[in-house]
Amino acid sequence: MSATLLYSNRYLDYDFGPEHPFSPVRQRMLLSLLDALDAPVDAPEPPLATREDVLSVHTETFVEQVEAASDGTPPARARRFGLDTQDVPVFDGMDRAARALVGGTVHGARMLTSEAARRVLQLGGGLHHAQAQLASGFCVYNDLSVAIQHLRDAGLHVAYIDIDVHHGDGVQALHYADPGVLTVSLHESGRYLFPGTGNVHEMGEGAGEGTAVNVPLEPFTESASYLDVFDRVVPYALQQFHPDVIVAQCGADAHFSDPLADLLLTTQAYETLFRSLLDLADDHADGRLLLTLGGGYRPDATVRIWTLLALIAQDRDLPDAIPDAWRERWEDERGDPLTPTLHDPPKTFDVPRRDRVVEQNERISKRVLEMAAPKWY
Amino acid sequence: MLVQDIMQSAVVTTDAHVRLADAYQTMIDHAVRHLPVLDDGALVGVITDRDLRDATSDLHPSPIQAHAPVREAMSADPITAGPLDPVEEAARLLRSKRIGCLPVMEGADLVGIVTVTDLLDAVTRLTGLSKPGGRVAVSLPDEPGQLARLTGRVAEEGADIRSVLSYYEDETRSGPEREPDADEEPPSRLRIILRLDTINVRPIAASLRAEGFDVVWPVEKPGSDT
């Protein structure tokens, strides 16, 4: 089964400016690399999300603030809503650009509910920090939650898997009390890293108790320990929950070179993770899977990781080398050297107190299951 | 932060003359573990779920019956707090007296109650955890003006500070932070934990380092040089 890809040039309008880490250059590089690898993205353009789509998870007051800020001048109370901040500066056309991203993700959800597709890869979105009335961590509208809400309205049970290095706090909060949405987030511990939440004790509330699963990992966690924890927790949680569909946020910022966080995953680990996501969808959700992008702030790594994602989701073979012409073009434009192979060259890390990192991750993943299991029976 | 900012002000109480079984039912109905005990409207004691269980247990050398009055199992003359006491004073009092709650009195009136749970909630609020943020930890010499210098620099970087925590460092450091030099004479230093409103703390950390600050977290990632 091959994935349906979704992309629109309108995604590139979600642009906070040249110095901002959440840059659309990542998508431009991704599309052009897929082109250079003879796997061009020939995707139908998804429609913009409507205001009503956005209002399915955000408040009217918040949407009004975003609209008011969309001429590039922040309204007086903007900061109270997380807008006009260092992370989410306002820009011309912000509401429309954010709705373009939501539009793609919710379009993917609609393709799943109408059975027009089984596996969809949205080449954008993954704005998992946005809350009901708070823009946060580069995220204005929560495309994932709008899509999940659409799937819920169609009567489906949704499992959400978040492998971005930051806790998926917005998605978790927006579906915290819904027993029909399981959120599973693996992330670097909030003890140090933004947003600070994602503790094992956050497990859902009310009827949704037991449907939030959080696995906070130690700084400097390496691939082996990460994959071990993923395999302990995620398949078991899905087995208990019986989803109809899986939504996965595929942030690439757990890579060792990422400047915003402190995990040490390699591209090889990402390949394993992406293949696991496809297998999990096959095993637990009849193949129904909606994949999005997310964080990832070192374009050299981020673009290679998402290229792996796109190739694997389409059941294509993985080439070893990155075409020279592509590399030269982007090295010229960006001024930074780029890795010549799709995968990272072999890499070892000198991690202080590695045993403690591994042991702590193991302990946390066991505790997650111990705490969740009684709520699942 | 003061006791009145964190106390529960709708206080569930019991009376010195009611039966222990009824006091226990009150605890269950309101999901609380501590009840201030009133007699004729005046505070005369505190009774906890543990007081009830201990006093009526078969293991007790001379257990009392469930229909005995609360007066017989309560702690009389309870230790109390005032609404304007700082929360750290309330915490110290609970800890040093090894008790679980403080009735809050304004003159002769019972106006609230503070429990260990309320203090844990206060810790969460003090650390600014209710809003998303990232952390920077800095070690400062214990000298006047150092903290002002630090926060001034952070403000120049355009970050909004959600909370500031500080404590005196000792020899034991936990987490993946760097180890102190064993030969180093431990000078008096203050550890400052800033929670900032940004997902992107490394540029701020770099700028602080360039100014000579001892930034403890974030550190360079292993392998980030290549």
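All figures in this text were calculated on a predicted structure; none of them were measured in a lab.

A. Highlighting the side chain of Ser32(A). Along the chain, Ser32(A) turns up in helix α1 (residues 25-36). The contact partners of Ser32(A), leaving out residues within four places of it in the chain, are Trp326(A), Arg329(A) and Trp330(A).

B. Structural detail: the sheet that holds strand β3 (residues 158-162) of chain A. Residue and element names in this part refer to chain A. Reading across from one edge, β1-β2-β7-β6-β3-β4-β5 is the order of the seven strands in this open sheet, with parallel pairing throughout. Edge positions in the open sheet fall to β1 (4-6) and β5 (212-217), since each of these has one partner strand only. On average, each strand axis in the sheet is inclined to that of its neighbour by 15°, with strand direction left out of account. The pairing of β3 with strand β6 (residues 245-249) spans five bridges and is parallel. Among the inter-strand pairings, Ala-159 is bridged to a residue of β6, identified as Ile-246. Across the sheet, helix α4 (residues 94-113) is in contact with β1, β2 (119-122), β6 and β7 (289-292); its angle to β2 comes to roughly 180°.

C. The arrangement of the packing of aromatic side chains in detail. All names here are of chain A. Overall, the coordinates contain 16 aromatic pairs over all chains when judged by the stated rule. On the basis of an interplanar angle of 80° and a centroid distance of 5.3 Å, the ring pair of Tyr-7 and Tyr-11 is categorised as edge-to-face. Judged by its relative accessible area of 10%, Tyr-7 falls in the buried class. Note on Tyr-11: relative accessible area 1%, which makes it buried. On the numbers, 5.8 Å between centres and 80° between planes, the contact of Tyr-14 with Phe-22 is edge-to-face. The class of Tyr-14 is buried, set by a relative accessible area of 2%. Chaining the aromatic ring pairs together yields one cluster made of Tyr-14, Phe-16, Phe-22, Phe-91, Phe-138 and Tyr-297.

D. Here's a closer look at the interface of chain B and chain A. Counting residues at the interface gives 29 residues for chain B and 40 residues for chain A. Both faces considered, chain B and chain A share a buried interface measuring about 2,500 Å² in area, 50% of it formed by carbon and sulfur atoms. The three residues of chain B that bury the most area against chain A are Ile199(B), Lys221(B) and Pro222(B), which together make up 30% of that side's buried surface. Remark: the boundary between chain B and chain A carries three salt bridges. Where Asp160(B) meets Arg79(A), a salt bridge forms, and the shortest distance between an N and an O atom there is 3.7 Å.

E. Representation of the pairing of strand β2 (residues 34-39) of chain B within the structure. All names here are of chain B. Burial runs high along β2: six of the six residues are buried. Across the two faces of β2 the burial is the same, with His-34, Pro-36 and Leu-38 and Leu-35, Val-37 and Asp-39 all buried. In this sheet, β2 lies alongside strand β1 (residues 14-15) in parallel orientation, the contact comprising two bridges. The residue of β2 that forms the bridge with Thr-14 is Val-37. Across six bridges, β2 lies against strand β3 (residues 42-48) in antiparallel orientation. Across the sheet, the residue bridging to Leu-38 is Leu-43, located in β3.

How each quantity is defined
Each chain carries its own residue numbering, running from 1 in the direction its sequence is written. To label them, take the chains in the order written and letter them from A, then take the ligands in the order written and number them from 1. Under the rules for a predicted model, residues below a pLDDT of 70 receive no local features and side-chain atom pairs below 80 are neither given nor counted, while totals for whole chains, interfaces and linings still include all residues. For side-chain calculations, the full set of non-hydrogen atoms in the structure is used, while hydrogens and water are omitted. Secondary structure elements are defined from DSSP: runs of H or I of at least 4 residues count as helices, runs of E of at least 2 residues count as strands, and each element is numbered from the N terminus. Contacts were defined at the residue level, with two residues in contact if any of their heavy atoms lie within 4.5 Å. A pair of strands is labelled paired if DSSP reports no fewer than 2 bridges between them. As a rule, the C-alpha atoms of each element are fitted with a line to give its axis, helices using only the stretch in contact, and angles between N-to-C directions run from 0 to 180 degrees. Here is the rule: rings of Phe, Tyr and Trp (six-membered ring for Trp) pair when centre to centre is within 6.5 Å. Planes less than 30 degrees apart are stacked, more than 60 are edge-to-face, and the remainder are tilted. Burial classes follow relative accessibility: with a 1.4 Å probe on protein chains only, a residue under 20% of its type's maximum area counts as buried, one over 50% as exposed, and anything between as partly exposed. When two parts are brought into contact, each loses some accessible area as probed by a 1.4 Å sphere; the total of that loss over both is the buried area. Any carboxyl oxygen of Asp or Glu within 4 Å of a side-chain nitrogen of Lys or Arg constitutes a salt bridge here.

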